[in-house]
Amino acid sequence: MEQHLSFIVKVADTLNLSKTDIEILTALHERRKLLVSEIAEHIKRSERHIRQRLHVLHEKRLLKREIEVLKNKRIAYRYSLRSTRNIIIEMRRSLLKKLDEIDKLTVE
């Protein structure tokens, strides 16, 4: 558990993620798959704020999401972490993109 938390903190630092993002990633690590409402309840943030952060994390390709039909017939997303390997691939892609941007600035 401690090792995975260190990994999450390092990912957050590398990708410039927020404290809330770290809490979301940690909650997903601990509980595997969660709905927005479950994440909001677990880390004591509003569902609106959680949705915004989940959108960012999903865009960064750190999360998987599955569509689920709830008991009340509403559709919701259930989020989970991608594999450690996939997260490392995305970190590498992000860092290479940043290096390319810096390289372009030095050429101009």
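Calculation criteria
- Residues numbered from 1 in each chain as written.
- Predicted model: local features only at pLDDT ≥ 70, side-chain atom pairs only at ≥ 80, totals over all residues.
- Heavy atoms only, no water.
- Helix = DSSP H or I, 4+ residues; strand = E, 2+ residues; numbered from the N terminus.
- Buried < 20%, exposed > 50% of the residue type's maximum accessible area, 1.4 Å probe, protein only.
- Contact = heavy atoms within 4.5 Å.
- pLDDT = per-residue confidence, 0-100.
- Pairing = 2+ DSSP bridges.
- Axes fitted to C-alpha atoms, helices over the stretch in contact; angles between N-to-C directions.

**Observations concerning the side chain of Ser80**
Topologically, Ser80 is positioned in strand 3 (residues 75-81). The exposure class of Ser80 is buried, given its relative accessible area of 7%. Beyond its immediate stretch of four places on either side in the chain, Ser80 contacts Leu28, Arg32, Lys33, Leu62, Leu63 and Lys64.

**As for unusual backbone geometry**
Positioned with a positive phi, Arg61 is a non-glycine residue whose angle comes to about 65°. Along the chain, Arg61 falls in the loop between helix 4 (47-59) and strand 2 (63-69). Accessibility expressed as a relative area gives 42% for Arg61, which makes it partly exposed. One non-glycine residue, Lys73, lies in positive phi territory at about 75°.

**Here we look at the confidence of the model for the protein chain**
Predicted coordinates in areas of low pLDDT are best not read in detail. In this model, the protein chain carries a mean pLDDT of 90, and residues with pLDDT of at least 70 account for 97%. Helix 1 (residues 2-14) is the least confidently modelled element of the protein chain, averaging 81 in pLDDT, while helix 4 averages 95, the highest of any element.

**Remarks on the sheet that holds strand 3**
The three strands lie next to each other as 1-3-2, forming an open sheet whose pairing is antiparallel. In this open sheet, the two edge strands, each paired with only one partner strand, are strand 1 (33-35) and strand 2. For this sheet, the mean angle separating the axes of adjacent strands, direction not counted, is 30°. In this sheet, strand 3 lies alongside strand 1 in antiparallel orientation, the contact comprising three bridges. In the strand pairing of strand 3, Leu35 is matched with Arg78.

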